[in-house]
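# Reading the structure
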Amino acid sequence: MRQNLLFLAVAFLFSQNLLWANGQVALVHKAERTKQGELLYNKAKEFFYDRNHWQSIEHCKLFLLLYPSHPKSWELRKLLSSNYRMTGDTLALAENELSMYKEYPNTEEGLESYLISGKAYVRLGREDKAYQIFHDITKNTYSSKIAQEAELELTQMEILGEGKNK
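My aim in this report is to walk through the structure given alongside it, one point at a time.

Thresholds, definitions, all that
Chains are numbered independently. Their residues run from 1 in the order of the written sequence. Whole-chain, interface and lining totals are the exception, using all residues; otherwise, since this is a predicted model, local features are given only for residues with pLDDT of at least 70 and side-chain atom pairs are given and counted only at 80 or more. No hydrogens and no water enter the side-chain calculation; it runs on all heavy atoms of the structure. Working definition: helices are DSSP H or I runs of at least four residues, strands are E runs of at least two. Numbering for both runs from the N terminus. Exposure categories follow from relative accessible area, calculated using a 1.4 Å probe and restricted to protein chains: below 20% of the type maximum is buried, above 50% is exposed, and the middle band is partly exposed. Areas reported as accessible are Shrake-Rupley estimates using a 1.4 Å probe. Residue values count occlusion only from the protein chains shown. Any carboxyl oxygen of Asp or Glu within 4 Å of a side-chain nitrogen of Lys or Arg constitutes a salt bridge here. Each pair of aromatic rings taken from Phe, Tyr and Trp, with Trp reduced to its six-membered ring, is defined by centres within 6.5 Å and is described as stacked if the planes are under 30 degrees apart, edge-to-face if over 60, and tilted in the remaining cases. With axes taken as lines fitted to C-alpha atoms, and helix axes fitted only over the stretch in contact, angles between N-to-C directions fall between 0 and 180 degrees. Convention used here: angles under 35 degrees read as roughly parallel, angles over 145 as roughly antiparallel, angles from 65 to 115 as roughly perpendicular, and any remaining angle as oblique. Working rule for handedness: look at the near helix, and if it is turned counterclockwise from the far one by less than a right angle, call the crossing left-handed; if clockwise, right-handed. Here, residues are in contact when the closest pair of their heavy atoms is within 4.5 Å. In this classification, the charged set is Asp, Glu, Lys and Arg, the nonpolar set is Ala, Val, Leu, Ile, Met, Phe, Trp, Tyr, Cys and Pro, and all remaining amino acids, among them Gly, are polar. To estimate how far a helix should reach, multiply one less than its number of residues by 1.5 Å. Read the arc as the range of directions from the helix axis to the C-beta atoms. For this analysis, a nonpolar core means a set of buried residues of the types Ala, Val, Leu, Ile, Met, Phe, Trp, Tyr and Cys, connected via side-chain atoms within 4.5 Å.

### Examining the overall build of the chain
Each helix and strand in the chain was counted, giving 7 helices and 0 strands. For the chain, the α and β elements follow one another from N to C terminus as α-α-α-α-α-α-α. Looking at the chain as a whole, 32% of its 166 residues qualify as buried. Accessible surface, the chain: about 11200 Å² in total, of which carbon and sulfur atoms supply 57%.

Right under this line is the structure:
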């Protein structure tokens, strides 16, 4: 009976030690992933500042695949949008900004991304999609500044639409 009790006590202490060690390993792993993500983010920024936008885009996409919940993911998505602007890829810009809104729909930055995606759709000639976005912003947003911008865009679309019909 004593041996069983002693064995249980040793087993309990051993399992507690393993749990503590696993927790420490998880913390180290998380810190290392964060560090690796920041290195990849910095590399993408370097390519952007060197005006090597295609390499920067590839590094941004790799970052998003490897580190989807990294603390720098918002900054990286903004960098990706800047790269798309510089390369003239308006469709990719619109889709990236729309995905940023979907990730952060209740923030000022997310709403601004939604507005940017609407403007990009106007440039692409997809007025129906842009109208839907601007109308959604004006009816369902809490930010008066962004709602005013969306209302202005809607007014401009209506004026230009009337000019096309004449």
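Here the narrative resumes, following the displayed structure.
### Here's the deal with the pattern of salt bridges
Two side chains with opposite charge may pair up if their charged atoms get near one another. Under the definition given, this model contains 3 salt bridges. Residue Glu103 is joined to Arg77 by a salt bridge in which the shortest nitrogen-to-oxygen separation is 3.1 Å. Placement of Glu103 in helix H4 (residues 90-103) and of Arg77 in helix H3 (residues 73-87) is noted, with a sequence separation of 26 residues between them.

### Things to note about the packing of aromatic side chains
This structure, assessed with the given rule, holds 4 aromatic pairs. On the basis of an interplanar angle of 70 degrees and a centroid distance of 5.6 Å, the ring pair of Phe48 and Tyr49 is categorised as edge-to-face. Overall, the relative accessible area of 61% leaves Tyr49 in the exposed class. Note on Phe63 and Tyr67: the rings are 5.6 Å apart at their centroids and 55 degrees apart in plane angle, and the pair reads as tilted. Taken individually, Phe63 and Tyr67 each receive the classification buried, so the pair is uniform in this respect.

### Describing the packing of H4 against helix H5 (residues 108-124)
Helix packing for two helices is described by the angle between their axes and how far apart those axes are. With their axes 8 Å apart at the nearest point, H4 and H5 run at an angle of 155 degrees to one another. Taken together, the axes of H4 and H5 are roughly antiparallel relative to one another. The handedness of the crossing between H4 and H5 comes out as left-handed. Facing Thr90, Leu91, Leu93, Ala94, Glu95, Glu97, Leu98, Met100 and Tyr101 of H4, the residues of H5 in contact are Gly110, Leu111, Ser113, Tyr114, Ile116, Ser117, Ala120, Tyr121, Arg123 and Leu124.

### Describing the packing of helix H2 (residues 53-66) against H3
In the contact formed by H2 and H3, the axes pass within 9 Å of each other and the chain directions differ by 150 degrees. If you check the angle between H2 and H3, you find them roughly antiparallel. Crossing angle aside, the handedness with which H2 passes H3 is left-handed. Only Ser73, Leu76, Arg77, Leu79, Leu80, Asn83, Tyr84, Met86 and Thr87 of H3 make contact with H2, whose side of the interface consists of His53, Trp54, Ser56, Ile57, Cys60, Lys61, Phe63 and Leu64. Its residues placed into classes, the contact of H2 with H3 shows 10 nonpolar, 5 polar and 2 charged.

### Some points on helix H6 (residues 127-140)
When the terminal C-alpha atoms of H6 are compared, their 19 Å separation across 14 residues agrees well with the 20 Å that a helix rising 1.5 Å per residue should span. Taken together, the buried positions of H6 are occupied by Ala130, Ile133, Phe134 and Ile137. Projection of H6 onto a plane perpendicular to its axis shows the buried side chains occupying an angular sector of 90 degrees, all on one side. Seen from the open side of H6, the exposed residues pointing more than 90 degrees away from its buried face are Asp128, Lys139 and Asn140.

### Quick word on the nonpolar core
If you look at the biggest cluster of nonpolar residues, it comprises 30 residues, and the most contacted ones within it are Phe134 and Ile137. Among the secondary structure elements, those contributing two or more residues to this core are helix H1 (2-49), H2, H3, H4, H5, H6 and helix H7 (144-165). Aside from chain neighbours lying at most four places away, what touches Ile137 is Leu111, Tyr114, Leu115, Ile146, Ala147 and Ala150.

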